[in-house]
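So the chains spell out like this:
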Amino acid sequence: MFSTFISYRRDGGASTASRLYMFLQLHGYEPFYDKSKMESGRFDEQLRNRIIQSNNFILILSKNSLNRCIKKDDWVKEEIKTALEHNLNIVILQEENFVFPEQLPKEIEVIKYYHMFQYTEENLDRDMHQILPMIKKKHLTNINTSTNKFKISGEYITSYEDEVDGQHLIIKAPATLKRFGNTIRGITQFDDQKWILKGKLYENKRYAGLYYAENKIDDGFGTFYLEIKDNNTLKGYWAGYDNKNQKINSGKYVFKKKIETAIRKAKKHDYSSISPIADVQLGKDYLTRQIFSSCLKSNNNINCLVADDADNNSICGFAIFKLIDKKELKSITKGHDIEQLCFEDSIGYLRTIAVAPEYTNQGIASHLAKNILDYFKNNNIKCIISTAWKHAGIINISSILEHLGFDKVIEIPNYRHEDSIKEGFMCPQCGNPCTCSCVIYGKFV
């Protein structure tokens, strides 16, 4: 498992990539670049898998490094394209004399709008330090499971990489695991299809075995390998025969244990716990103390809910929502009209949902959103909007909103571009300036 993929052009960028690789290792990251970690087998498949495995994608833009991207089978282009498709955290190191070519393929053209950190070969050791705050670390340190803190039996949310209609997707599904000594049995369900998992626990930290379809007509089967990564997560890979596509497939496989959360109104002392979550997931200074304080005043229409993890006595997520009028709606939509809201005097607005990285994919955001919808329903608010952020083709909470009955209404490109420059706002995806689109969803009863 690698935290960071280093992409570079060998002509002009090899020396920089080598030094960056050593630099990241010294700072506790798990970097990959093709000179150090390649194995036997197909070169193209390995590179693609290594990119998908990573959280971060560092692109070294040395002089003329993108000039060949216009060619059909250029590898640098394919690496950038894969990183964009899988919504990696993209960090760009730009050599001082780098200039973008006049033409770039459309599928990677968006990288021109990313924030870039400049470097020179002479001052590379100094310049590399500036990207450290932008690199996300994987929390992959093995825990001492001999203390039995991790109880494998329980309910999980799984996510796995798969191919559907020719597209590579990350699919989520519920699962249940039960442990009997060192034997573990499980079941996971996606739509109407159930899969049986049978395996063993090795050295109290690895779970490996076989999976197969419960329906005997479906002869899909395969193997899986998972490692316990923290007190509620198993991560690894699956590989097997895909009956629908009639071929062998493989991909990442993650199990996150469902946790019981209690939803409550925010209190004044919660800011110190909520602010770091907002900084990581939404961007530095996106949630100011002033905005949070306004959520606590009883005479305001804005509110904040938090989700508590009772077992660990910690806040794992929060959401901000408010009642707005037509004037504020116009401000949010930047003047665009929403036909369904023309005759509404009071509109519900789900402004923000954020969950701490270690608690993602455990249903917490959905739990918060459902509580907010119940609040609006109890107050006879029939029309609700929500803003979501789109970057590299990925909309951050689209699956949650669509599951709750929201429909996409408007997409506004470069929504915070000018404001981010004025305010110095650092987007966790783009840096500064922010080039994300704002997608406005609506739910109309």
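Throughout, a residue's number is its position along its own chain's written sequence, starting from 1. Only residues with pLDDT of at least 70 get local features here, since the model is predicted, and only at 80 or more are side-chain atom pairs given and counted; chain-wide, interface and lining totals rely on the full set of residues. Computation of side-chain values covers all heavy atoms of the structure but excludes hydrogens and water.

Moving on, we come to the overall build of the protein. Put simply, DSSP H or I for four residues or longer makes a helix, DSSP E for two residues or longer makes a strand, and each gets a number counted from the N terminus. From N to C terminus, the protein includes 10 helices and 21 strands. C-alpha atoms of the protein, sized along the principal axes, occupy 65 × 60 × 40 Å. Throughout this description, buried means an accessible area under 20% of the type-specific maximum (1.4 Å probe, protein chains only), exposed means over 50%, and partly exposed covers the range between. Here the protein holds 445 residues, and 49% of them are scored as buried. Here, residues are in contact when the closest pair of their heavy atoms is within 4.5 Å. Residue pairs in contact within the protein that sit at least 24 positions apart in sequence constitute 63% of those at least 6 positions apart. Only carbon and sulfur atoms are counted for the fraction: they give 47% of the accessible area of the protein, which is about 22900 Å². Charged residues are defined here as Lys and Arg on the positive side and Asp and Glu on the negative side; His and the ends of the chain fall outside this count. Every charge is mapped to an atom, namely NZ of Lys, CZ of Arg, CG of Asp or CD of Glu. Averaged over its 61 positive side-chain charges, the protein has a centre that lies 4 Å from the centre of its 55 negative ones. All accessible areas in this document rest on Shrake-Rupley with a 1.4 Å probe, and a residue is counted as covered only by the protein chains that are shown.

In this model, helix H1 (residues 10-26) (17 residues) spans 23 Å end to end at C-alpha, consistent with the 24 Å of a helix rising 1.5 Å per residue. One axis fitted to the seven residues ending at a residue, another fitted to the seven starting there: the angle between these axes is the bend at that residue. Of all the bends found along H1, the most pronounced is centred on threonine 16 and spans about 25°. Considering only its buried residues, H1 is in contact with strand E1 (4-7), strand E2 (31-32), strand E3 (56-61), strand E4 (89-95), strand E5 (116-119) and helix H4 (124-128). After H1 finishes, the residue glycine 28 shows a positive phi value of roughly 85°. How far a helix is expected to stretch is found by multiplying one less than its residue total by 1.5 Å.

Each strand in a sheet pairs with another by means of backbone hydrogen bonds, the pair being arranged parallel or else antiparallel. The parallel open sheet is built from five strands, whose spatial order is E2-E1-E3-E4-E5. The open sheet terminates on both sides in strands that have one partner only, identified here as E2 and E5. In this structure, E4 lies alongside E5, joined through four bridges in parallel fashion. Note that in E5 the partner of isoleucine 92 across the bridge is methionine 116. Contacting E1, E3 and E4, helix H3 (residues 75-85) runs over the sheet at an angle of about 145° to E3. We treat two strands as partners when DSSP finds at least two bridges between them. Where helices are involved, their axes are fitted lines through C-alpha atoms of the stretch in contact, as for all axes, and angles between N-to-C directions lie from 0 to 180°.

Look at lysine 334: it is not a glycine, yet its phi comes out positive at around 55°. The residue lysine 334 is located in the loop between helix H7 (326-332) and strand E17 (347-355) in this model. A positive phi is found at asparagine 380, a non-glycine position, where the angle reads about 60°. Turning to its location among the elements, asparagine 380 is positioned in the loop between helix H8 (364-378) and strand E18 (383-391). Since its relative accessible area comes to 56%, asparagine 380 is described here as exposed.

What follows concerns the packing of aromatic side chains. In summary, the pairing rule links any two rings of Phe, Tyr or Trp, Trp by its six-membered ring, whose centres are within 6.5 Å, and it sorts them by plane angle into stacked for under 30 degrees, edge-to-face for over 60 and tilted for everything else. Applying the stated rule across the entire model yields 14 aromatic pairs. Judged by centre distance (5.8 Å) and plane angle (0°), the ring pair of phenylalanine 5 and phenylalanine 57 falls under stacked. Of this pair, phenylalanine 5 sits in strand E1 while phenylalanine 57 sits in strand E3, and the two are 52 residues apart along the sequence. Side by side, phenylalanine 5 and phenylalanine 57 carry an identical accessibility label, which is buried. Between tyrosine 211 and tryptophan 238 the ring centres are 6.4 Å apart and the planes differ by 80°, which places this aromatic pair in the edge-to-face class. Highlighted residues: tyrosine 211 in strand E10 (residues 206-213) and tryptophan 238 in strand E12 (residues 233-242), separated in sequence by 27 residues.

So, on to the nonpolar core. With 66 residues, the main nonpolar core has Ile274, Cys304, Phe318, Ile364, Ile385 and Ile440 as its most contacted residues. Cysteine 304 has contacts with Arg264, Lys265, Ala266, Ile274, Phe292, Cys295, Phe318, Ala319 and Ile320, leaving out every residue within four places of it along the chain. One finds Cys69, Ile92, Phe98 and Leu104 within the second-largest nonpolar core, a separate group that totals 22 residues. The set of buried Ala, Val, Leu, Ile, Met, Phe, Trp, Tyr and Cys residues whose side-chain atoms join them within 4.5 Å is what this entry labels a nonpolar core.

This part takes up the side chain of glutamate 227. With respect to the helices and strands, glutamate 227 occurs in strand E11 (residues 221-230). Note on glutamate 227: relative accessible area 17%, which makes it buried. Side-chain atoms alone can form a polar contact between residues adjacent in sequence; in general such a contact is a pair of N or O atoms within 3.5 Å, and within protein one must be able to donate a hydrogen while the other accepts it. There is a polar contact of 2.5 Å between the side chain of glutamate 227 and the side chain of tyrosine 225.

We now examine the pairing of E3. Regular strands place their side chains on alternate faces of the sheet. Of all the six residues making up E3, six are buried; the element is thus mostly covered by neighbouring parts of the structure. The alternating pattern of E3 places Asn56, Ile58 and Ile60 and Phe57, Leu59 and Leu61 on opposite faces, both of which are buried. Alignment of E1 against E3, held across four bridges, turns out to be parallel. Directly across from isoleucine 6, in E3, lies its bridge partner isoleucine 58. Pairing of E3 with E4, which is carried by six bridges, proceeds in the parallel orientation. Following the sheet pairing, asparagine 56 is matched in E4 by asparagine 89. If the strands point away from the viewer and the path from the first strand over the helix to the second runs clockwise, then the crossover is right-handed. Handedness of the β-α-β unit built from E3, H3 and E4 comes out right-handed.

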